[in-house]
Amino acid sequence: MSLSLREIGRELRDTAVALAPAVAIILVFQVFVVRLSAGEFGRIALGLVLTLVGFSLFLVGARNGLLPLGEGIGTTFVERRAVLPLLTFGLLLGVVLTIAEPDVRLLALQVEETLGVLESRTVLIIVAAAGLGIFGVFALLRLLLGTPIHYYLIPGYLACLVLTLFVPESGVTMAFDMGAVTTGPMTVPFLMALGAGTASVLAGRDRFTSGFGIMAIGSVGPVLAILLWNVFGGSS
Amino acid sequence: MIDELRTALVETAEGTLPVLGLIFAFQFLVLRKRPANLRRVVIGTATAVVGFFLFIVGATISFIPMGRAIGASLADADMLLILPFTFVLGAVVVVAEPAVRILAYQIEQLSAGSLRTRFVIAAIALGVAIALTLGMWRVLADFHLAYILVPGYALALLLTLFTPRNFVPVSYDAGAVATGPVAVNFVLPLFTGVALALWGDAASVGFGIVALIALFPIITMLLLGVVLGRRKRET
């Protein structure tokens, strides 16, 4: 058995539901306000279909291909109690999954298109990815050590707020926007699975408290990384 | 169209090759194990790569330009019309996000039913609606994002200390799930569309809305925690 058509069908339905309100607004504005020509709107309609199909295939494919493989590798390290390889793998996987997050790319494209301020969107993405990787490791460490989440979130966000005063506004918006999108369909399932796996091996810990919060800690990283990159003159 | 296809192809290669390289390197060089179901893995991976490409092409020719066009048409409208519109937009757009519903369901499961799914979704939707309204006000009045972000995060950190402790992680996760594909590819271009129409080249004020969508659900979820925590103590 490979990919089941039923799973693709279910994903298409879920994505269609998610996009429906936005599509409804697009239709209303097309009919009453924007009024593009039939040809122009045809291109939009084609794009809407491609978005729906593409996003669904991406999710189903990732769920059946890469994610189980990544989780399997993580679980092996957890079972062998190989902490250092687990953290190394967590760091590297956090980086490459952020690079593979489609919304990260689409945000960087829009920044470049609208403002033209980016020297290189690839560098911006790599800085954000490094931030997520490093803080992903902090999140795993928290599970291993059992420290309360405040100890990470409060200093992390306070540092971000202080840095905000030293960075031009375009850098601030870029950092916080980017931080918000690094947690998407690629990074979230992997971080959740790796976290749940780690938490389940550590017996006697309250899952409601420790299994969650990985994304919360992880998404501080990109914000901090981009702000620091701005402070030290990485972007002009 | 050729340009969009070329961009999407480059983005797909840059996006997917590193993760493929890393996972296969660990699987074959470190674990030295053939994956249990290699055929499924290969087909799944190929499907994901094709989907990635189609998604980038689709979003760049549909949601992004249309969002921008809608934003441009809103720029002429009255402020008393735009702000309620963005409030409703925020509430409606989020309820549909699958990631939001999955998180809400997981919270209900792990809290043994004491936190109902619909409370969680309502709290997140309210948060996003507030985020969009404040964000649109910022675009119309053109002020620095920090005037919303700094008090917002200060409030969130303060509430973190007063909410029941097991509420903290899920609240921060709620901020992360609210920023899905619709936020980036429809709400953001809509905001930059308004900003471009109003402010021309200085349209950077349109950005920052995704950051606000990530912030306000945290605040509303933490508030929900404070309220529920107090109620539990009284009974």
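The rules behind the values
- Residues numbered from 1 in each chain as written.
- Chains lettered and ligands numbered in written order.
- Predicted model: local features only at pLDDT ≥ 70, side-chain atom pairs only at ≥ 80, totals over all residues.
- Heavy atoms only, no water.
- Helix = DSSP H or I, 4+ residues; strand = E, 2+ residues; numbered from the N terminus.
- Buried < 20%, exposed > 50% of the residue type's maximum accessible area, 1.4 Å probe, protein only.
- Contact = heavy atoms within 4.5 Å.
- Phe/Tyr/Trp six-rings, centres within 6.5 Å; stacked < 30°, edge-to-face > 60°.
- pLDDT = per-residue confidence, 0-100.
- Expected span 1.5 Å × (residues − 1).
- Axes fitted to C-alpha atoms, helices over the stretch in contact; angles between N-to-C directions.
- Parallel < 35°, antiparallel > 145°, perpendicular 65-115°, else oblique.
- Left-handed = near helix turned anticlockwise from the far one by under 90°.
- Nonpolar A, V, L, I, M, F, W, Y, C, P; charged D, E, K, R; others polar.
- Buried area = accessible area lost by both parts, 1.4 Å probe.
- Salt bridge = Lys/Arg side-chain N within 4 Å of Asp/Glu carboxyl O.

Colleague: Honestly, the side chain of Thr-114 of chain A in this entry has me stumped. Any pointers?
Modeller: Of note, Thr-114 of chain A is situated in helix 5 (residues 102-115). Overall, Thr-114 of chain A belongs to the buried group, its relative accessible area being 16%. Setting aside anything within four residues of it in sequence, one finds Thr-114 of chain A in contact with Arg-68, Thr-192, Leu-196 and Phe-207 of chain B.

Colleague: Whenever I open this one, the packing of aromatic side chains confuses me. Can you help?
Modeller: Any pair of aromatic rings gets described here by the distance separating the centres and the angle formed by the planes. Applying the stated criterion across every chain yields a total of 14 aromatic pairs over all chains. Through pairs of rings, three or more aromatic residues link up here, namely Tyr-157 and Phe-176 of chain A together with Tyr-153 and Tyr-172 of chain B.

Colleague: Please clarify how the confidence of the model for chain B should be interpreted in this entry.
Modeller: Regions with low pLDDT carry predicted coordinates that are not meant to be interpreted in detail. Residue and element names in this part refer to chain B. Taken residue by residue, chain B gives an average pLDDT of 90. The fraction at 70 or more is 99%. Element-level pLDDT for chain B is lowest in helix 5 (residues 98-110), with a mean of 81, against a maximum mean of 95 in helix 3 (residues 63-74). Taken together, the chains of this predicted complex give a pTM of 0.91 and an interface ipTM of 0.90.

Colleague: What exactly am I supposed to notice about helix 8 (residues 169-181) of chain A here?
Modeller: For an α-helix the count is 3.6 residues per turn, leaving residues at separations of three or four pointing the same way. Residue and element names in this part refer to chain A. Between its first and last C-alpha atoms helix 8 spans 18 Å; for 13 residues at 1.5 Å apiece the expected length is 18 Å, and the two agree. The buried fraction of helix 8 is high, at 11 of 13 residues. Of the positions making up helix 8, those classed as buried are Gly-171, Val-172, Thr-173, Met-174, Ala-175, Phe-176, Asp-177, Met-178, Gly-179, Ala-180 and Val-181.

Colleague: What is the right way to read the packing of helix 6 (residues 117-141) of chain B against helix 9 (residues 181-199) of chain B from this model?
Modeller: Relative orientation and spacing of two packed helices are given, respectively, by the angle between their axes and the distance between those axes. Residues and elements named next belong to chain B. Contact geometry for helix 6 and helix 9: axes closest at 9 Å, N-to-C directions at 20°. Classified by the angle between their axes, helix 6 and helix 9 sit roughly parallel to one another. The crossing of helix 6 and helix 9 is right-handed. Here Leu-132, Gly-135, Met-136, Val-139 and Leu-140 of helix 6 come into contact with helix 9, specifically with Val-187, Leu-190, Phe-191, Val-194, Ala-195, Leu-198 and Trp-199. Looking at side-chain class alone, the contact of helix 6 with helix 9 contains 11 nonpolar, one polar and no charged residues.

Colleague: Just checking my understanding: could you explain unusual backbone geometry for this structure?
Modeller: Keep in mind that most residues, glycine aside, have a negative phi and that most peptide bonds are trans. Residue and element names in this part refer to chain B. Even without a glycine there, the phi angle at Arg-32 is positive, about 50°. Tracing the sequence through the fold places Arg-32 in the loop between helix 1 (2-30) and helix 2 (38-61). Residue classification places Arg-32 among the exposed residues on the basis of a relative accessible area of 69%.

Colleague: When you look at the interface of chain B and chain A in this model, what are you seeing that I'm missing?
Modeller: By a frequent convention, interface size equals the accessible area lost on bringing the separate parts together. Contacts between the two partners involve 100 residues from chain B and, on the opposite side, 87 residues from chain A. Carbon and sulfur atoms make up 77% of the surface buried where chain B meets chain A, a total of about 8400 Å² over both sides. Across the chain B-chain A interface, the total number found is six salt bridges. Close ionic contact of Glu-14 of chain B with Arg-105 of chain A constitutes a salt bridge, the shortest N to O distance being 3.2 Å.

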